[in-house]
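# Residue-level structure breakdown
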Amino acid sequence: MNDEIIVCRNIKKNFITDAENLLILRSVNCVIKAGETVSIVGPSGCGKSTLLSIIGGLDKPSSGELEIQNWQLHLENEEGLSDFRAKEIGFVFQFHYLLKDFSALENVLLPGFMAHGDQKAAEEQAKALLEQVGLSNRMHHVPAKMSGGERQRVAIARAMINRPAILLADEPTGNLDEGSAAIIEEILFSLAESWGTTLVVVTHDARMAARAKRRFRMHEGEIFEE
């Protein structure tokens, strides 16, 4: 059985402007297996977030091949990429992007309801996830009434509501103090382990990076396994 879930072959990404042709990714090659935890580190501007966006179907490579599950992402149109994101990917960003007028529970259940049309089932799953991230007593609070760490925990629960095969986290602790960052780290890795989810984290946090089973470093648009 082939357990390779993410396969990047000679992925390149460039941005063309009137002034220059900026090469962000230079022939990125890597293979990630299902259920692995992976960290990607490197200096700002080296292409980490660009690679994560391409893996998550938010952007397309300029050239190369990207296979995830049974999807050939480099060949998909925008409709196909949207379908892929909804079915396979959970995202956690540095900023939580919660809907400010919605409660924690409503923020989490909304993607589940949109995907399956069953509000009761989505609400039950959302409640279970919020309990799992330690927010059972904060379900009915809006984001403005929650701390930064709590908002990020809501964002993680929202990312997991549709049981994605892959969870992508881009600097998930970048805006948090050390204590809150440690909680987010524990939640991400514990959820990935208990759910069998493939976790890919872009981070400047050395402790979080070291916790991953596999560690990659990016430099000037290329990736190397440490």
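Preceding block: the structure.
This write-up is about the structure you can find in this document. (Residues numbered from 1 in each chain as written. Predicted model: local features only at pLDDT ≥ 70, side-chain atom pairs only at ≥ 80, totals over all residues. Heavy atoms only, no water.)

### As for the packing of helix 5 (residues 148–160) against helix 6 (residues 178–195)
Two measures define how a pair of helices packs: the angle their axes make with one another and the distance between the axes. Short version of the rule: Angles shown run from 0 to 180 degrees and are taken between the N-to-C directions of axes, each axis being a line fitted to C-alpha atoms and, for helices, limited to the stretch in contact. For helices the rule is a DSSP run of H or I covering at least 4 residues; for strands it is a run of E covering at least 2, with both sets numbered from the N terminus onward. By definition in this entry, angles of less than 35 degrees are roughly parallel, angles greater than 145 are roughly antiparallel, angles of 65 to 115 are roughly perpendicular, and the rest are oblique. In a left-handed crossing the near helix is turned counterclockwise from the far helix by less than a right angle, and in a right-handed crossing that turn is clockwise. We call two residues contacting when some pair of their heavy atoms lies within 4.5 Å. For this scheme, ten residues count as nonpolar: Ala, Val, Leu, Ile, Met, Phe, Trp, Tyr, Cys and Pro. Four count as charged, namely Asp, Glu, Lys and Arg, and the remainder, Gly too, count as polar.
Where helix 5 contacts helix 6, the axes come no closer than 10 Å and their chain directions differ by 15°. Considering their axes alone, helix 5 and helix 6 lie roughly parallel with respect to each other. Crossing of helix 5 against helix 6: the hand is right-handed. Each of Gly 149, Gln 152, Arg 153, Ile 156 and Met 160 in helix 5 lies in contact with helix 6, whose residues at this interface are Ser 180, Ile 183, Ile 184, Ile 187, Leu 188, Leu 191 and Trp 195. For the contact of helix 5 with helix 6, the class distribution of residues is eight nonpolar, three polar and one charged.

### Quick notes on the sheet that holds strand 5 (residues 71–72)
Stated precisely, the cut-off is as follows: Note on pairing: DSSP must find at least two bridges between two strands before they are called paired.
Pairing is antiparallel in the open sheet, where four strands are placed in the order 2-1-4-5. The strands lining the two open edges of the sheet, one partner per strand, are strand 2 (21–33) and strand 5. In terms of strand pairing, strand 1 (residues 4–16) meets strand 2 through nine bridges, oriented antiparallel. Bridge assignment links Ile 6 to a residue of strand 2, and that residue is Ile 32.

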